[in-house]
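Notes for the structure review
Here's the letter readout for the chains.
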Amino acid sequence: MTDTRDPVPAYAAASGPVAATVASHMGRTLTAMKDHAAAERHYRRALAGRTPGTYQLKHGLTMANLGKSVAGQYRHEEAVRLWARSLDFMGGVVSDRNRQAVRKCRRLRPGTASAVWPARPD
């Protein structure tokens, strides 16, 4: 194991602070496992650990993922607000990952498919 006082290698530093990157990856893992409440906590931790102006792409993508985990908890209006904010962070950043995130947001917006916005289970 490396000493935590060692500088972060340049290739790893590109995604931002290590703790924020790990929190974001954990959030993605938990989202895939459909543990949306835990994923939300990790995404929020990742957002708090990054300066938005410095890591604009990562901030926008994390916020889009946070919207997905919030939607998975049936808080659809909040999810739409988060996706709208994520688009603000993605503005002017050209990347394939941004385009994919925007496509997902569009697919998940209300009124497009009832299967996407399921009713809350009783």
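Above: the structure in question.
Reading the values: rules and limits
- Residues numbered from 1 in each chain as written.
- Predicted model: local features only at pLDDT ≥ 70, side-chain atom pairs only at ≥ 80, totals over all residues.
- Heavy atoms only, no water.
- Helix = DSSP H or I, 4+ residues; strand = E, 2+ residues; numbered from the N terminus.
- Salt bridge = Lys/Arg side-chain N within 4 Å of Asp/Glu carboxyl O.
- Buried < 20%, exposed > 50% of the residue type's maximum accessible area, 1.4 Å probe, protein only.
- Expected span 1.5 Å × (residues − 1).
- Arc of directions from axis to C-beta.
- Contact = heavy atoms within 4.5 Å.

**Focus on unusual backbone geometry**
- With a phi angle near 65°, K34 is a residue other than glycine that sits in the positive phi range.
- Positive phi, close to 70°, is recorded for Y74, a residue that is not glycine.
- With respect to the helices and strands, Y74 occurs in the loop between α4 (56-71) and α5 (76-90).

**Considerations on the pattern of salt bridges**
- Evaluated as defined, the whole model comprises four salt bridges.
- Among the salt bridges present, the one from E40 reaches R44, with a minimum N-O distance of 2.9 Å. Within this pair, E40 and its partner R44 are both found in helix α3 (residues 36-48), separated by four residues, close to a single helical turn.
- Taking the relative accessible area as the measure of exposure, R44 reaches 36% and is therefore partly exposed.
- E78 is the partner of R44 in a salt bridge, and the nearest nitrogen-oxygen pair spans 2.9 Å. With R44 in helix α3 and E78 in helix α5, the pair connects residues that are 34 residues apart, well separated along the chain.
- Through salt bridges with shared partners, one network takes in E40, R44, R75 and E78.

**Here's the deal with α5**
- Here α5 is 15 residues long and its end C-alpha atoms lie 21 Å apart, about the 21 Å a rise of 1.5 Å per residue gives.
- Buried within α5 are the following residues: A79, L82, W83, S86, F89 and M90. Seen along its axis, α5 keeps its buried residues to an arc of 110°; they face one direction. Exposed residues lying more than 90 degrees from the buried face of α5 are E77, R81 and D88.
- One or two steps after α5, the chain reaches G92, where phi turns positive at roughly 80°.

**Section: the side chain of S86**
- In this fold, S86 is placed in helix α5.
- Here S86 is in contact with G60, M63 and A64, once residues within four sequence places are set aside.

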